[in-house]
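Each chain, written out:
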Amino acid sequence: MTERVVGIGAGAKELATEDMILNIGPQHPSTHGVLRLRLTLDGERIATAEPIIGYMHRGAEKLFEVRDYRQIIMLANRHDWLSGFANELGVVLAAERLLGMEPPVRAVWARTLLAELNRVLNHLMFLGSYPLELGAITPLFYAFDERERIQAVMEEISGGRMHYMFNRVGGLKEDLPLGWLDRVSAAVAETRRRVPDIEDLILHNDIFLARTTGVGVLTHDQIMQYGVSGPIARASGVDLDLRRDDPYLAYPELPVKVVTRSAGDCHARFEVLLDQLKVSLDLADTCADRLRALPPGPINQRLPKVLKVPEGHTYAWTENPLGINGYYLVSRGDKTPWRLKLRSASYNNIQVLREMLPGHLVADMVAILGSMFFVVGDIDK
Amino acid sequence: MLDVVLSFAAILIVFLVLPLIVGQTEHKVMAHMQSRLGPMYAGGFHGWAQLIADGVKFAQKEDVIPAAADRRIFMIAPGVALVPYLLVLIAIPLDRGLVAVDLDLGLFFVLAVMGVGVLGAIMAGWASANKYSVLGGMRSAAQLMAYELPLVLAASSVAMAAGTLSIPGIVEAWQWWWLPWQAIGGAVFFVAGLAELRRPPFDMPIAESEIIMGPMTEYTGMRFALFMLAEYVGIVVLSFLTTVLFLGGWHGPFLPGWLWTLVKVFALAFVVIWLRVTYPRLREDQLQKLAWAGLVPLALVQLALTGVVKVLL
């Protein structure tokens with residue numbers, strides 16, 4: 001017989017209790033990988049929370065410095081493995097800006113289309129996985145059905161299902177296959193038809209509402225202090241979307257509807273994701289129509305065998321599905337960057353957990369964690 | 001003597017086969033509700049032998065006991081979770097005169113023994129020497145406290161109506177108009193029973209996305225399989241009890257009585273599976289609120305209703 005003292009004082013004020021330290025992760029089903037949270041629990045109530053990161057640090061920024069630009073695109077699309085195409089974009093935009101290179105107009109529209117399809121894929125993933133964390137297993141399968149449809153068109157064009165590697169400095173890797181745009185439109189139309197199913201399944205469910213409304217409220221101030229961005233920030237009423245506020249690619253010509261909510265709780269974050277999904281489907285349709293109307297022309301530019309980016313520095317940021325993704329590129333005229341600083345969305349978004357979690361229950365911790373829509377690779381880089 | 005042994009053997013077979021059928025049904029029903037196929041290979045025809053294959057796999061696995069665990073309690077916990085449900089089945093009639101043991105205090109016995117099953121989860125939670133398991137065990141205990149009361153209140157309403165605690169006696173006294181009369185009690189009983197089984201949406205103590213598997217986190221191999229079996233036997237027992245207490249057991253036109261009982265049992269088991277596919281999980285404070293502010297008052301209303309009708313008749 002081993003003797004053991006466990007400090008769970010279930011609400012007993014007069015008894016001496018001690019706090020329990022609970023490590024959530026690095027191996028835990030609701031951390032989507034290897035995030036670790038060190039919680040101090042009083043019963044099931046969280047007293048303090050500390051996110052501990054770095055279990056998946058792959059030294060991406062250091063690797064950027066010893067790879068040429070073609071290789072960097074491949075490395076860069078891996079930190080947030082749900083937004084491969086959007087990650088590639090920042091790198092090529094920065095390099096093109098320093099080179100003074102103007103990609104062909106068809107490439108610009110095709111990039112915009114692919115970026116929006118990528119956003120749809122990313123959001124569908126979280127629309128499926130978030131209910132799963134609250135114990136509803138079915139929406140995941142609905143969401144993955146839709147993902148499969150969109151992934152099929154992405155796979156057709158690039159050969160990849162997650163890591164597309166389809167951007168090149170100066171354009172795209174190859175021209176669009178014949179009839180591909182029609183297949184995109186069909187997939188988008190079918191997905192638009194099916195998305196309300198996911199909505200009906202979970203969004204107005206009583207238990208889902210009880211678990212998410214008023215839970216994990218993020219204030220405007222906290223968002224400003226921690227640099228939270230993307231759908232999480234917009235769910236708290238921070239009306240910032242780079243597609244509209246600092247447009248890149250073809251976004252200046254597109255009617256980007258920025259989805260915001262004011263509640264700032266888990267439910268608002270989920271709603272923002274759902275609405276952004278619909279907006280992205282519309283944008284993808286518009287892009288496909290524009291691409292059809294464009295006259296034939298090149299999709300990329302001929303590059304020299306060794307691509308050297310002239311001396312200088314620039315910062316290219318894009319509205320990634322999970323938030324602002326920025327690359328600060330410093331070049332000394334070599335074929336590799338001298339420094340390429342990566343500002344990833346999840347890294348900033350996850351820091352605020354320290355302020356959000358205390359006071360909530362362990363069960364709420366899962367609801368909040370799931371609604372922060374992070375990818376561990378994007379945190380650890 | 002021989003017939004007692006025979007009926008116990010029959011109970012054991014029913015006890016082992018029905019949960020497997022429910023488990024396989026869950027695999028298939030869940031899969032088709034989620035646009036999947038579910039098991040398709042084991043045994044050939046639509047994966048009918050999947051659970052047998054699972055059982056073989058579980059039997060082969062190493063039985064790991066954590067170094068810091070309270071070994072003896074850790075080892076007997078799955079048995080404590082499973083055996084009470086076996087005992088409960090003894091007192092449940094399948095047809096008129098088809099019951100292993102006709103106890104005068106059958107309902108009392110059944111409810112008392114069912115409560116023991118939950119102890120298995122609490123023991124496992126404590127003995128595993130794992131913080132997640134402790135949290136799960138505590139949640140189990142809280143859930144047992146909250147849901148035992150509405151369960152007993154709802155069941156006693158039927159006993160009042162029938163004027164007996166013998167389960168065959170209750171089914172014998174059952175009339176079709178008891179359906180609307182005892183409807184509230186039936187719903188309360190079924191929901192409270194679900195919570196006692198820790199099935200979704202009341203699976204807080206297991207909650208794999210929060211506390212991994214709660215009390216079962218550290219279990220592997222056969223002991224884990226026993227816990228899983230206990231869950232499915234629990235579904236069978238709950239469906240049987242709801243059937244005989246509130247849905248009239250063997251009563252029904254055209255079909256033989258035992259078939260009516262099984263049809264009702266499987267319809268209820270289907271509902272249990274359906275709820276799992278449909279609903280997210282409640283938080284434990286919401287769960288407690290549902291019990292104390294929702295189910296207990298409803299059960300009391302049912303008791304009052306039963307009493308009034310009984311006096312007026």
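Keep in mind it's a predicted model, so treat the numbers as computed, not measured.

Reading the values: the criteria
Residues numbered from 1 in each chain as written. Chains lettered and ligands numbered in written order. Predicted model: local features only at pLDDT ≥ 70, side-chain atom pairs only at ≥ 80, totals over all residues. Heavy atoms only, no water. Helix = DSSP H or I, 4+ residues; strand = E, 2+ residues; numbered from the N terminus. Rg over C-alpha atoms; globule rule 2.2 N^0.38 Å. Buried < 20%, exposed > 50% of the residue type's maximum accessible area, 1.4 Å probe, protein only. Contact = heavy atoms within 4.5 Å. Areas by Shrake-Rupley, 256 points an atom, 1.4 Å probe, with all protein chains shown as cover. Lys, Arg positive; Asp, Glu negative; His and termini not counted. Charge placed at Lys NZ, Arg CZ, Asp CG, Glu CD. Pairing = 2+ DSSP bridges. Salt bridge = Lys/Arg side-chain N within 4 Å of Asp/Glu carboxyl O. Nonpolar A, V, L, I, M, F, W, Y, C, P; charged D, E, K, R; others polar. UniProt positions renumbered as here; feature names shortened; annotations may be inferred. Phe/Tyr/Trp six-rings, centres within 6.5 Å; stacked < 30°, edge-to-face > 60°. Lys NZ or Arg CZ within 6 Å of the ring centre and 35° of its normal. Expected span 1.5 Å × (residues − 1). Bend = angle between axes of the 7 residues up to and from the residue. Axes fitted to C-alpha atoms, helices over the stretch in contact; angles between N-to-C directions. Patch = residues over 30% accessible without salt bridge, like charges linked within 9 Å, V, L, I, M, F, W, Y side chains within 5 Å. Arc of directions from axis to C-beta.

A. The overall build of chain A, seen in detail. Assigned secondary structure in chain A consists of 15 helices and eight strands. Relative to a compact globule of 381 residues, whose C-alpha radius of gyration would be 21 Å, chain A shows 22 Å and is just as compact. Looking at chain A as a whole, 60% of its 381 residues are labelled buried. Across chain A, contacts joining residues at least 24 apart in sequence account for 72% of those joining residues at least 6 apart. With the model as given, the accessible surface of chain A reaches about 14800 Å², and the carbon-plus-sulfur share is 53%. Computing the positive centroid from 43 side-chain charges and the negative centroid from 48, chain A places the two 7 Å apart.

B. Region of interest: unusual backbone geometry. With an omega of 5°, the peptide bond between P200 of chain B and P201 of chain B qualifies as cis. When you line up the elements, P201 of chain B lands in the loop between helix 8 (183-197) and helix 9 (208-211). Look at L249 of chain A: it is not a glycine, yet its phi comes out positive at around 45°. Within the secondary structure, L249 of chain A sits in the loop between helix 10 (242-245) and helix 11 (266-293). If you check the backbone angles, H46 of chain B has positive phi at about 45° while not being a glycine.

C. Local environment of the pairing of strand 2 (residues 36-42) of chain A. All names here are of chain A. The element strand 2 is extensively covered by neighbouring structure, given that five of its seven residues are classed as buried. As judged from the five bridges shared by strand 1 (residues 20-24) and strand 2, these two strands associate in the antiparallel manner. Following the sheet pairing, I24 is matched in strand 2 by L37. Both strand 2 and strand 3 (residues 45-52) contribute to a ladder of seven bridges, which runs antiparallel. If you follow L41 over to strand 3, its bridge partner there is I46.

D. View of the interface of chain A and chain B. Taken together, the contacts link 39 residues of chain A with 33 residues of chain B. The tally of links from chain A across to chain B stands at two salt bridges. For the salt bridge of D364 of chain A with R283 of chain B, the shortest nitrogen-to-oxygen distance reads 2.8 Å. When residues of the side of chain A that touches chain B are traced back to their parent elements, those giving at least two are strand 1, helix 4 (105-133), helix 5 (138-158), helix 7 (206-212) and helix 14 (362-371) of chain A. Classifying every residue of the side of chain A that touches chain B by side-chain character gives 24 nonpolar, nine polar and six charged.

E. How the structure looks around the UniProt feature "domain: NADH-quinone oxidoreductase subunit D" (unreviewed entry) in chain A. The UniProt record annotates "domain: NADH-quinone oxidoreductase subunit D" (unreviewed entry) at residues 134-304 and 307-381 of chain A. Secondary structure content for residues 134-304 of chain A is 56% helix and 2% strand, while the C-alpha to C-alpha distance between its ends is 52 Å.

F. Representation of the packing of aromatic side chains. Residues and elements named next belong to chain A. Applying the stated rule across the entire model yields 15 aromatic pairs over all chains. Between F126 and F373, the aromatic rings sit 5.5 Å apart at their centres with planes inclined by 65°, giving edge-to-face as the arrangement. Taken together, the residues F126 in helix 4 and F373 in the loop between helix 14 and helix 15 (376-380) connect sequence positions 247 residues apart. Here F126 matches F373 in class, with each residue buried. Considering the side-chain rings of Y315 and W317, the 5.9 Å spacing of their centres and the 50° angle between planes classify their relative orientation as tilted. The class of Y315 is partly exposed, set by a relative accessible area of 33%. Grouped by ring-pair contacts, the aromatic residues F126, Y130, F208, F270 and F373 constitute a single cluster. The residue whose ring lies beneath R332 is W338, and the NZ or CZ to ring-centre distance is 4.2 Å.

G. The pairing of strand 7 (residues 323-331) of chain A, seen in detail. Residue and element names in this part refer to chain A. Across the nine residues that make up strand 7, a large majority, eight, are buried. In this structure, strand 6 (residues 312-320) lies alongside strand 7, joined through nine bridges in antiparallel fashion. Paired with E319 across the two strands is I324, which belongs to strand 7. In this antiparallel pair of consecutive strands, strand 6 and strand 7, the connection spans two residues. Where strand 7 and strand 8 (residues 339-343) come together, five bridges link them in antiparallel fashion. Looking across to strand 8, one finds that Y327 is bridged to L342.

H. Geometry of helix 6 (residues 180-203) of chain A. Residues and elements named next belong to chain A. Spanning 24 residues, helix 6 covers 33 Å between terminal C-alpha atoms, matching the ideal 34 Å at 1.5 Å per step. Its maximal kink placed at R193, helix 6 deviates by approximately 30°, while the proline P196 follows within four residues. Within the sequence span of helix 6, burial applies to W180, L181, V184, S185, A187, V188, T191, V195, I198, E199, I202 and L203. The elements touched by buried residues of helix 6 are helix 4, helix 5, helix 7 and helix 11.

I. Representation of the sheet that holds strand 6 of chain A in the model. All names here are of chain A. Judged by pairing direction, the sheet is antiparallel, and its three strands sit side by side in the order 6-7-8 without closing on themselves. For this open sheet the edge positions go to strand 6 and strand 8, each flanked by a neighbour on one side alone. Mean inter-strand twist for the sheet, computed between neighbouring axes without regard to direction, equals 10°.

J. View of the sheet that holds strand 3 of chain A. As summarised here, the arrangement of the three strands in space is 1-2-3 (chain A), forming an open sheet in which the pairing is antiparallel. On the outer flanks of this sheet lie strand 1 and strand 3 of chain A, each paired with one strand and no other. Taking each pair of neighbouring strands and ignoring which way they run, the sheet shows an average axis angle of 20°. On the sheet, helix 14 of chain A packs against strand 1, strand 2 and strand 3 of chain A and is oriented at approximately 150° with respect to strand 2 of chain A. Where helix 5 (residues 131-162) of chain B meets the sheet, its contacts fall on strand 1 and strand 2 of chain A, and the angle it forms with strand 1 of chain A comes to roughly 110°.

K. Local environment of a nonpolar patch on the surface. Residues and elements named next belong to chain B. Together, L12, I13, L16, V17 and I21 line one region of the surface with nonpolar side chains, adding up to about 410 Å² of accessible area. Within the fold, L16 resides in helix 1 (residues 2-33). Residue L16 is classed as partly exposed on the basis of its relative accessible area, which comes to 40%.

L. Local environment of the side chain of D241 of chain A. Assignment of secondary structure puts D241 of chain A in the loop between helix 9 (231-235) and helix 10. Not counting the four nearest positions on each side in its chain, D241 of chain A is found in contact with R234, D246, V258 and E319 of chain A.

M. Geometry of helix 2 (residues 50-60) of chain B. Residue and element names in this part refer to chain B. Those residues of helix 2 lying buried are L51, D54 and F58. The buried residues of helix 2 occupy one face: seen down the axis, they fall within an arc of 50°. For helix 2, the elements touching its buried residues are helix 1 and helix 10 (221-246).

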